[in-house]
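What the coordinates show
Below, each chain spelled out in residue letters.
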Amino acid sequence: MSTATETHRSVARPPEFEDTHESIRILGFWIFLTTDVVLFGSLFSVYAVFRNRVALGPTPHQLFSMGPVLAETLILLTSTFTCSLSLYAARSNRLKGAVAWLTVTLLLGASFVFLEIREFAGDVMAGHTWHQSAFLSGFFTLVGTHGSHVTIGIAWAIMLVLQLMSGGLTVTNRRKLYTFTLYWHFLDIVWIFLFTVVYLLGIA
Amino acid sequence: MDNQQQLPPPGPTGHGDEVEVRILTPHIAQPHFPTMQVTGYGLSLAITLIAFAMVAYHWIGLDTLVTVLVVMAFIQGALQLGIFMHLREAKGTLWHLPVLALALFIGIGIVGFSMWIMLFKSGVS
């Protein structure tokens with residue numbers, strides 16, 4: 001640590017925000033996340049309202065089992081952890097670390113989507129489709145919207161890995177990685193509410 | 001090839017980035033070990049496992065359980081925001097907080113008021 005001003009400069013602003021244009025893009029991404037909050041908020045309300053309208057179909061208690069949900073939750077939690085490690089490596093100027101942790105993140109995301117598709121397929125095979133009741137419509141729309149967000153996130157992460165490998169830790173790539181981590185952590189927050197409201201309260 | 005970043009002059013610029021709120025004191029130093037991340041991961045794992053255990057082993061009654069689980073979800077969500085979404089670095093990026101507040105306002109507004117009005121005296125849920 002050379003001087004006090006040096007330290008002060010380093011805490012003035014996170015590194016991804018030093019460039020004005022990139023910083024505005026991050027703000028834009030926060031505004032996108034706000035619109036996503038509106039989307040998920042609406043779907044959560046619909047689910048909450050129609051939760052008990054099961055018609056002749058299964059109740060949440062009959063439909064859900066704890067094992068797969070616990071696995072999905074642990075996978076997604078671990079993936080947000082590895083995602084934050086990727087940004088940590090990038091901030092330490094370790095390109096290989098950033099790429100490696102990002103790859104782990106997208107593999108964990110893919111296994112999450114795989115488990116969810118398997119769960120959906122099992123429900124549909126058993127005849128519990130979204131046609132059966134208002135509860136099932138709400139359930140498939142809410143959980144499916146989250147799952148498709150994760151799928152898009154995986155595609156994004158693959159492109160980001162390619163960009164990092166070809167371009168290195170440029171100012172632009174650092175910002176892209178930062179917005180990706182925001183997106184991924186946001187999806188984890190949605191899942192926290194999802195497994196609590198849909199699955200745990202359904203099983204309880 | 002690392003592009004050269006344009007650093008602003010050191011110190012507060014006088015354009016609204018002087019924050020005196022204690023909890024918003026920035027914490028951007030890059031430690032040698034990602035302590036924050038590991039702590040956040042450990043805490044969210046613990047909260048998640050406790051939540052699942054409460055449902056699996058029926059530790060408390062159903063009425064209290066709903067409240068406790070939702071509160072735990074909010075705590076874990078706040079943890080994610082604070083630790084992983086860099087809210088502790090907020091000093092340089094204070095202009096993000098109104099957007100976040102807007103998201104919370106709209107989100108809680110939509111969910112809270114929809115449920116209130118749709119389930120009003122309906123006897124379900």
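Everything below is about the structure printed above this text.
One structure accompanies this document, and this report is about it. Computed from a predicted structure; not experimentally measured. (Residues numbered from 1 in each chain as written. Chains lettered and ligands numbered in written order. Predicted model: local features only at pLDDT ≥ 70, side-chain atom pairs only at ≥ 80, totals over all residues. Heavy atoms only, no water.)

Some points on the overall build of chain B
Here is the rule we go by: Only DSSP runs of H or I reaching four residues or more are called helices, and only runs of E reaching two or more are called strands; each is numbered from the N terminus. The buried label goes to any residue with under 20% of its type's maximum accessible area, the exposed label to any with over 50%, and the partly exposed label to all in between, with areas taken from a 1.4 Å probe on protein chains only. We call two residues contacting when some pair of their heavy atoms lies within 4.5 Å. Accessible areas in this description were obtained via Shrake-Rupley with a 1.4 Å probe; residue shielding takes into account the shown protein chains only.
Scanning chain B from terminus to terminus reveals three helices and zero strands. Ordered by position from N to C terminus, the α and β elements of chain B give α-α-α. Relative to its full complement of 125 residues, chain B shows a buried share of 35%. Of all intrachain contacts in chain B linking residues separated by at least 6 positions in sequence, the fraction that spans at least 24 positions is 62%. Carbon together with sulfur atoms contributes 71% to the accessible area of chain B, which is approximately 7800 Å² in total.

Let's talk about the overall build of chain A
What chain A contains, in helices and strands, is seven helices and zero strands. Scanning chain A from its N terminus toward the C terminus, one meets helices and strands in the order α-α-α-α-α-α-α. Going through the 204 residues of chain A one by one, you find that 55% of them count as buried. Within chain A, contacts between residues separated by at least 24 positions form 80% of all contacts whose residues are at least 6 apart in sequence. With the model as given, the accessible surface of chain A reaches about 8100 Å², and the carbon-plus-sulfur share is 70%.

A short note on the pattern of salt bridges
Residues and elements named next belong to chain A. Note the cut-off: By definition here, a salt bridge exists when the distance from a side-chain nitrogen of Lys or Arg to a carboxyl oxygen of Asp or Glu is within 4 Å.
Applying the stated rule across the entire model yields two salt bridges over all chains. One salt bridge in this structure joins R25 and E22, with 3.4 Å as the shortest N-O distance. Residue R25 and its partner E22 are located together in helix α2 (residues 20–50), separated by three residues, close to a single helical turn. What makes E22 buried here is its relative accessible area of 5%. A salt bridge links E22 to R175, with the nearest nitrogen and oxygen atoms 2.5 Å apart. Taken together, the positions of E22 in helix α2 and R175 in helix α7 (residues 171–203) put the pair 153 residues apart, joining distant regions of the chain. On the basis of relative accessibility, which here comes to 12%, the residue R175 falls in the buried class. By sharing partners, the salt bridges in this structure join E22, R25 and R175 into a single network.

Considerations on the nonpolar core
When a protein is soluble and globular, its nonpolar side chains tend to lie buried together. Cut-off, in case you're wondering: What makes a nonpolar core is a set of buried Ala, Val, Leu, Ile, Met, Phe, Trp, Tyr and Cys residues whose side-chain atoms join them at distances within 4.5 Å.
One finds W30, F64, F139, L194 and Y199 of chain A to be the most contacted residues of the largest nonpolar core, which totals 78 residues. Elements with a minimum of two residues in this core: α2, α4 (66–91), α5 (95–125), α6 (134–167) and α7 of chain A together with α1 (35–57), α2 (62–84) and α3 (97–118) of chain B. A total of 19 residues in this core trace back to one element, the largest contributor, which is α7 of chain A. Every residue in contact with F64 of chain A, bar those within four places of it in the chain, is listed here: Y47, F135, F139, V198, Y199, G202 and I203 of chain A.

Quick look at the side chain of T73 of chain A
Note the cut-off: Counted as a polar contact is a pair of N or O atoms within 3.5 Å, where, for protein atoms, one must be capable of donating a hydrogen and the other of accepting one, and residues adjacent in sequence contribute only when both atoms are in side chains.
Topologically, T73 of chain A is positioned in helix α4. Polar side-chain contacts of T73 of chain A include one of 3.2 Å to the side chain of W191 of chain A. The residues contacting T73 of chain A, other than those within four sequence positions of it, are W191 and F195 of chain A together with T48 and F52 of chain B.

Comments concerning the packing of α4 of chain A against α2 of chain B
What counts here: Axes here mean lines fitted to C-alpha atoms, for a helix over just the part in contact, with angles spanning 0 to 180 degrees between N-to-C directions. Note on terminology: angles under 35 degrees are roughly parallel, angles over 145 are roughly antiparallel, angles of 65 to 115 are roughly perpendicular, and the others are oblique. By convention, the crossing between two helices is left-handed when the near helix turns anticlockwise from the far helix through less than a right angle, and right-handed when the turn is clockwise. As a working rule, the residues Ala, Val, Leu, Ile, Met, Phe, Trp, Tyr, Cys and Pro are called nonpolar, Asp, Glu, Lys and Arg charged, and the rest polar, with Gly in that last group.
At a closest axis distance of 12 Å, the pairing of α4 of chain A and α2 of chain B adopts a crossing angle of 15°. One element, α4 of chain A, and the other, α2 of chain B, form an angle in the roughly parallel class. Here α4 of chain A runs over α2 of chain B; the crossing is left-handed. The segment α4 of chain A lies against α2 of chain B, with L77, T80 and S84 of chain A engaging Q76, Q80 and F84 of chain B. Split into classes, the residues belonging to the contact of α4 of chain A with α2 of chain B amount to two nonpolar, four polar and no charged.

What about the packing of α5 of chain A against α7 of chain A?
Residue and element names in this part refer to chain A. Viewed as axis vectors pointing N to C, α5 and α7 meet at an angle of 30°, and their least axial separation amounts to 13 Å. Between α5 and α7, the angle is such that the two are roughly parallel. As for how α5 packs across α7, the hand of that crossing is left-handed. Taking contact as the criterion, the partners of L102, T105, G109, F112, E116 and E119 in α5 are, on α7, L177, F180, W184, W191 and Y199. Tallied by class, the residues present in the contact of α5 with α7 amount to seven nonpolar, two polar and two charged.

Overview of α4 of chain A
Residues and elements named next belong to chain A. Let me state the cut-off plainly: By this rule the span expected of a helix is its residue count minus one, scaled by 1.5 Å.
Taking 1.5 Å per residue as the helical rise, α4 with its 26 residues ought to reach 38 Å, and the 38 Å between its terminal C-alpha atoms agrees with that figure. Among the 26 residues in α4, 19 count as buried, and that is most of the element. Just downstream of α4, N93 is the residue with a positive phi angle, here 60°.

What about unusual backbone geometry?
What you tend to see is this: most non-glycine residues have negative phi, and most peptide bonds are trans. Backbone geometry at A55 of chain A places phi at a positive 50°, although glycine is not the residue there. In this structure A55 of chain A comes out as exposed when scored by relative accessible area, which is 59%. Of note in this structure, H58 of chain B is not a glycine but carries a positive phi near 50°.

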